[in-house]
Amino acid sequence: MQDAFVGRGEGRWNWLIEMEFAERAHVLKMLARELGQDTAPAIAELAQHGLDAALAVLAVAVGASVSDAYLRQRALWRAGQSLS
């Protein structure tokens, strides 16, 4: 019985990780478009090295920090999700 519970718990954990990655990818795409940048390099960096590396790619491309802009975009995206 415990093995079945652990299996379901792991499945839920994996689902949460996938949802977090999908949210980050979506917000990064929105941010890259807002900044006039190609989305592919940031998404590739997200998949390979995580969010900080992806934001660094965009920051280098635009020559400025993009962390605050990412947080703003994430807040806008989440607000839009709550309306759905």
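Our subject in this report is the structure included herewith. Throughout this description, residue numbers start from 1 for each chain and increase along the sequence as written. Only residues with pLDDT of at least 70 get local features here, since the model is predicted, and only at 80 or more are side-chain atom pairs given and counted; chain-wide, interface and lining totals rely on the full set of residues. With hydrogens and water stripped out, all remaining heavy atoms of the structure feed into the side-chain values.

Here we take up helix H4 (residues 67–83). The numbering of helices and of strands both runs from the N terminus, where a helix is a DSSP run of H or I of at least 4 residues and a strand a run of E of at least 2. For a helix, the expected span equals 1.5 Å multiplied by the number of residues minus one. When the terminal C-alpha atoms of H4 are compared, their 25 Å separation across 17 residues agrees well with the 24 Å that a helix rising 1.5 Å per residue should span. Buried within H4 are the following residues: Ala69, Tyr70, Gln73 and Trp77. Buried residues of H4 fall within an arc of 100 degrees about the axis and therefore sit on the same side. Among the exposed residues of H4, those oriented more than 90 degrees off its buried face are Asp68, Ser82 and Leu83. Working definition: with a 1.4 Å probe on protein chains only, accessible area under 20% of the residue-type maximum means buried, over 50% means exposed, and in between means partly exposed. By definition, the arc is the one covered by directions from the helix axis to the C-beta atoms.

A pair is scored as a salt bridge if a Lys or Arg side-chain nitrogen falls within 4 Å of a carboxyl oxygen belonging to Asp or Glu. Evaluated as defined, the whole model comprises three salt bridges. With a closest N to O distance of 3.0 Å, Arg24 and Glu20 form a salt bridge. One end of the pair is Arg24 and the other is Glu20, both in helix H1 (residues 2–34) and four residues apart, which spans about a single turn. Across the salt bridge formed by Glu23 and Arg78, the nearest N and O atoms sit 2.9 Å from each other. Of this pair, Glu23 sits in helix H1 while Arg78 sits in helix H4, placing them 55 residues apart in sequence.

Turning next to the nonpolar core. Throughout this description, the term nonpolar core refers to a set of buried Ala, Val, Leu, Ile, Met, Phe, Trp, Tyr and Cys residues connected via side-chain atoms within 4.5 Å. Membership of the largest hydrophobic core comes to 16 residues, with the highest contact counts inside it found for Leu28, Leu31, Leu46, Leu51, Leu55, Leu58 and Tyr70. Those elements that provide at least two residues to this core are H1, helix H2 (40–49), helix H3 (51–62) and H4. In terms of residues, this core owes the most to one element, H1, which gives five residues. In what follows, residue pairs with any heavy atoms lying within 4.5 Å of each other are defined as contacts. If near-sequence neighbours (up to four positions away) are discounted, Leu46 is found in contact with Phe21, Arg24, Ala25, Leu28, Leu51 and Ala54.

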